[in-house]
Amino acid sequence: MEEITFVDVLTHYQMKLREASNDVESIKNQIKKAEGHIDMGWSGEAADACRLKLDSINGELSKTLNEISEALNKLSAIGETLAEDYPYLV
């Protein structure tokens, strides 16, 4: 059985966070397309309400992307610290 190191775990979660970031970016792109469709021919109260909801969701997605970015930075810093302080773990 292969030994799993702390660095392996960090690398795994960095990969998972990058995948999550790509998924969120994909959703943001889909929202952008939906906004384009709304702008091309939908008007009235329902269209306005939909735009507001999409703006709200887009804001939350941007916040999520920032949080993912911060988590990746923290994981990288942990990895660098491990490499410096415990080179035998790397």
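Just so we're clear, the structure is a prediction, and the values are computed from it rather than from any experiment.

Colleague: How would you sum up helix α1 (residues 6-39)? Please name residues and give values.
Modeller: If you check α1, its first and last C-alpha atoms are 49 Å apart, about what 34 residues at 1.5 Å a residue would give, namely 50 Å. Here α1 has its buried residues at Leu10, Gln14, Leu17, Ser21, Val24, Lys28, Ile31 and Ile38. Against the buried residues of α1 lie α2 (45-85).

Colleague: Hey, could you go over the packing of α1 against α2 for me, with residue numbers and the actual values?
Modeller: In contact at an axis separation of 9 Å, α1 and α2 are set at 160° when each is read in the N-to-C sense. With respect to their mutual orientation, α1 and α2 come out roughly antiparallel. For the pair α1 and α2, the sense of crossing is left-handed. For the contact of α1 with α2, a count of residues per class yields 23 nonpolar, seven polar and seven charged.

Scoring rules and cut-offs
Residues numbered from 1 in each chain as written. Predicted model: local features only at pLDDT ≥ 70, side-chain atom pairs only at ≥ 80, totals over all residues. Heavy atoms only, no water. Helix = DSSP H or I, 4+ residues; strand = E, 2+ residues; numbered from the N terminus. Expected span 1.5 Å × (residues − 1). Buried < 20%, exposed > 50% of the residue type's maximum accessible area, 1.4 Å probe, protein only. Contact = heavy atoms within 4.5 Å. Axes fitted to C-alpha atoms, helices over the stretch in contact; angles between N-to-C directions. Parallel < 35°, antiparallel > 145°, perpendicular 65-115°, else oblique. Left-handed = near helix turned anticlockwise from the far one by under 90°. Nonpolar A, V, L, I, M, F, W, Y, C, P; charged D, E, K, R; others polar.

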